[in-house]
Structures are given as C-alpha cells and as structure tokens.
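Spelled out, the chains give:
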Amino acid sequence: MPDGTPMRTIRDVPGLIAAGLVRAGEAVALEQVAARYAIALTPAVAALIDPADPADPIAAQYVPHPDERITAPDEHPDPIADLALSPVKGIVHRYPDRVLLKPLLACPVYCRFCFRREQVGPDGGVLSEAELAAALAYIAARPAIREVILTGGDPLILSPRRLRGILAALEAIPHLESLRIHTRVPVAAPSLVTEALAAALATRKALWVAVHVNHARELAAAARAALARLVARGIPLLSQSVLLAGVNDSEAALEALCRALIAARVKPHYLHMLDFAPGTARFRVEAERARALHRSLRGRLPGHAIPTLILDIPGGHGKVPAGESHLARGPDGSWRARDPWGEDHAYPPGRPRAQDAPSDRRGGDENETGRGDTGMPAAPP
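Residues numbered from 1 in each chain as written. Predicted model: local features only at pLDDT ≥ 70, side-chain atom pairs only at ≥ 80, totals over all residues. Heavy atoms only, no water.

As for its position among the elements, Val63 is in the loop between α4 (57-62) and β1 (91-95). The class of Val63 is buried, set by a relative accessible area of 8%. For the pair Val63 and Arg112, spaced 49 residues apart in sequence, the C-alpha to C-alpha distance is 7.1 Å. Sequence-distant contacts of Val63, that is, excluding residues within four places in its chain, are made with Leu21, Val22, Leu41, Ile49, Glu68, Arg112 and Arg282. (Helix = DSSP H or I, 4+ residues; strand = E, 2+ residues; numbered from the N terminus. Buried < 20%, exposed > 50% of the residue type's maximum accessible area, 1.4 Å probe, protein only. Contact = heavy atoms within 4.5 Å.)

Listed below in structure tokens is the structure:
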C-alpha cells in the first residue's frame, strides 16, 4: 500500500474503506459479511496489497467480498467434520496416530476461504486451564497417539510463556514422538516471531512448523526474516498452501510460490484443494484444472520443491493425494509409467528400442545440454 498503510490491524468495514481497500458503496453488503465472519488485516498484510489492482491476489485472500453472503448448496459450516470428531473441547481426533490440539480460535488475520470461518474470531476461544488439562489428559491416556498438531486459530499468537507451557506439557507425555505447529504468523504478523518466541519452541521432541502461505508476494522481507529466526533455531519448516482461483491458479504463480518457499528454506508440503466452507465458491478451482496445474510443476521444478496436491474428503473422511498417478495399468494389464511430459513407457521396460530413447526437451544439441555421451534424459532430478 502507499504511505497510508495502517499502523494497527484493520478489523471492520470503516477501517477497510479508510485504507482504500474497499469502496464506500460496498459498505452495506460488507457489514452483512462482517456480522457473520471475522475481519482482520495486519499492517504487514495491508502493506502487501495494491489497492489500485482489483485482482490483487493478496487482497483476494484477506479483504471481505459481498459474495461471502452466498452459501452454495454443497457448502457446510463444518466441511471436514472437525466438530463431529472432537471427543473433548480443543481436540480433533481424525487419525489413530495423531490429534489436533486447538488451544485458541483467534488468528492474526482471517482468510476469506478459511474452512473454520464459522468457529474462529477475535473473541479467541482460548481453552481454560481446566479445558486444556482435559485435552492433555485425553492425549496422555492414549498411547496410540504419536503426534500432536497445534492449530486453531493460530498458536503463535500465544505469549511465549503460554506456548512454552503447552509444549512442555506435551513433551512430558512419553508416547508422543513429534509435535507440529500450523501457523500464518510468520507471513501475517512477522513481528510476533521474536527471539523469545523462537526460544519457546525449543523442545526435546521433534518439532515442525507448517507455515500457511499461498502467494510468492507474501514472502516479503519481514516474513523471510521471521522464518530465518526459526531456521536459526534448527526448526524444520513446511508449507501449507491452498489452491485458490484468482490467487495462485496459474502455472507461473504456483512455480513462483514454490521457488520463493525453497529460497526461504521452507519445504513445499501440501497444496490443498479448497474445502467447501460457506461463502467460498469464488475461490474454487475445478478438480481437473487443479490436477493439470499440479502436473505442470513436474518438469518445471525439482522434486523437493513440488508440494503434494491434497484433497480433504468432505465429511471428515481424511486427506488423500489428489494428483494424477504416474504409474498405472494399461488396457492389457501391463504397467505404464508416464513421464513429466505426458508420454507413456512400459514398466518394467523390457528390451529397449531405438525409438524409446529419451529426447532432449531443453533444446540445443546434446553437448550443449550436458547430456554428452551419458544417454541420460533431460528430465528433472
């Protein structure tokens, strides 16, 4: 944004109008949205938005839209059945070996596509001491649970003291092997990632931080510095992204996002298909196009920079890879392997034929491409 970037988090429609992020003529419709879904744009997020661009991909994620008043027939207030799978307050137990622990339901920002948008808000939903104790007792009583994922809301808006206390309690449970934190904070409120917060994440058990980021521009200098503080503490970083129409649904946008993540030492982990939360239809990317976009990354990026396209099956049935398989049976029952450029090959290969030799798809002669006499294909590593 220009020099008028707000110094405080914008939490209402008048604040959005004053910042030039919405038109005054939209106020009535947006107040109706705000009555149902929380609004919050931190100064760090507002600074990334170009208010002169009606298609700005950062604004699309955070600025409310009149279409949020429309609930499509296939949308649901609890699209992946968190509430149905919550045996005690603050716990979601979907898989035998791991649980979600939600110590609070407040976030530094409120994404307009959030699948928990009916639950999160500025009132916080912070677990009381008794509720947190009950949640920890649930985990401690079940040795099959190997991992706890702190989510919410956003755990990194807790004070370092409060966060350290929760992690210490989890460390004391013998059968837990690893911990994970899901957060938007390094991108949305990077100033919260202080040395004190980073120090609070020091654990004897393996701890991973999964950062939610959807567009390369979100990884601005302040966000990269926040991530660097975590990296300096030896904390491995993963990404969680959502495939969103108007934000990152192009080959160029996805490639730029993945490259920016790798440059910040964040492993691209999941690229989520959009959940069917109320009022989010404008963000949907049709499944066939989603798969094609994901497939396009193979050959454009090295393997470690390609996230898994993930579908969280509506109704609480769990996450599954949604991308196309590169190994499938043909009509005659034999296996065929599809290369990054869409060509099928026998697997096992059988006796090679001259026409089966890999072609150089990078252009130029063999010596210029580095293949020389090695016979290696010009495929991604």
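Now for the sheet that holds strand β7 (residues 267-272). Working definition: the strands of a sheet are paired by backbone hydrogen bonds and lie parallel or antiparallel to each other. Pairing is mixed across the open sheet formed by nine strands, whose spatial order is β1-β2-β3-β4-β5-β6-β7-β8-β9. Looking at which strands have only one partner, the edges of the open sheet turn out to be β1 and β9 (319-321). Sheet twist, expressed as the average angle between the axes of neighbouring strands with direction ignored, equals 25°. The sheet contact formed by β7 and strand β8 (residues 308-312) spans three bridges and is parallel. By the bridge assignment, His272 is partnered in β8 with Ile310. (Pairing = 2+ DSSP bridges. Axes fitted to C-alpha atoms, helices over the stretch in contact; angles between N-to-C directions.)

Counting 79 residues, the largest nonpolar core has Leu41 and Leu170 as its most contacted members. For this core, the element with the most residues is helix α5 (residues 129-140), which contributes five residues. Beyond its immediate sequence surroundings of up to four residues, Leu170 is in contact with Leu101, Leu136, Ile139, Val148, Leu150, Leu176, Leu179 and Lys205. Counting 15 residues, the second largest nonpolar core, distinct from the first, contains Cys258, Leu293, Leu297 and Ala305. (Core = buried A, V, L, I, M, F, W, Y, C linked by side-chain atoms within 4.5 Å.)

Together, Leu327, Trp335 and Tyr347 give the surface a local cluster of nonpolar side chains, amounting to about 300 Å² of exposed area. With respect to the helices, strands and loops of the structure, Tyr347 is situated in strand β12 (residues 344-347). (Patch = residues over 30% accessible without salt bridge, like charges linked within 9 Å, V, L, I, M, F, W, Y side chains within 5 Å. Areas by Shrake-Rupley, 256 points an atom, 1.4 Å probe, with all protein chains shown as cover. Salt bridge = Lys/Arg side-chain N within 4 Å of Asp/Glu carboxyl O.)

Under the 1.5 Å per step criterion, the end-to-end length of helix α9 (residues 221-232) is 16 Å for 12 residues, consistent within 8% with the ideal 16 Å. Of the positions making up α9, those classed as buried are Ala223, Ala226, Leu227 and Leu230. Down the axis, α9 shows its buried residues gathered within 95° of arc, on one side only. Where α9 is buried, its residues contact α7 (185-188), α8 (195-200), β5 (206-212) and β6 (237-242). (Expected span 1.5 Å × (residues − 1). Arc of directions from axis to C-beta.)

Our focus in this paragraph is the pairing of β5. Among the seven residues in β5, five count as buried, and that is most of the element. One ladder, built from six bridges, connects strand β4 (residues 178-183) with β5; its direction is parallel. Within β5, the residue paired with Ile181 across the bridge is Val209. In this sheet, β6 lies alongside β5 in parallel orientation, the contact comprising four bridges. Bridge pairing links Val209 to Leu237 in β6. Traced from β5 through α9 to β6, the parallel crossover comes out right-handed. (Right-handed = clockwise from strand over helix to strand, strands pointing away.)

The next subject is the environment of Ile166. Note that Ile166 resides in helix α6 (residues 160-171). On the basis of relative accessibility, which here comes to 1%, the residue Ile166 falls in the buried class. Distance in space between the C-alpha atoms of Ile166 and Ala328 is 46 Å, their sequence separation being 162 residues. In this structure Ile166 touches Leu101, Pro103, Leu132, Leu150 and Leu158, once residues within four positions along its chain are discounted.

Those residues of helix α2 (residues 27-34) that sit buried are Ala27, Ala29, Leu30 and Val33. Looking down the long axis of α2, one finds its buried residues gathered within 160° of arc, a one-sided arrangement.

Right, let's get into the layout of surface pockets. One number sums up the size of the largest pocket: a volume of about 960 Å³. Taken together, 46 residues form the lining of the largest pocket, with Phe115, Arg116, Thr151, His182 and Gln240 sitting closest to its centre. Elements that contribute at least two residues to the lining of the largest pocket include exactly β1, β2 (98-101), β3 (147-150), β4, β5, β6 and β7. Considering only enclosed or pocket space, the second largest pocket measures out at about 440 Å³ in volume. Along the walls of the second largest pocket sit 20 residues, with Leu21, Val22, Glu26, Pro54 and Val63 positioned nearest its centre. Split by residue class, the lining of the second largest pocket holds 12 nonpolar, two polar and six charged. (1 Å grid on protein atoms, 1.4 Å probe; cavity = no way out; pocket = protein on both sides within 12 Å on 5 of 7 lines; lining within 4 Å. Points joined across faces, edges and corners; volume = space filled by probe spheres on them. Nonpolar A, V, L, I, M, F, W, Y, C, P; charged D, E, K, R; others polar.)

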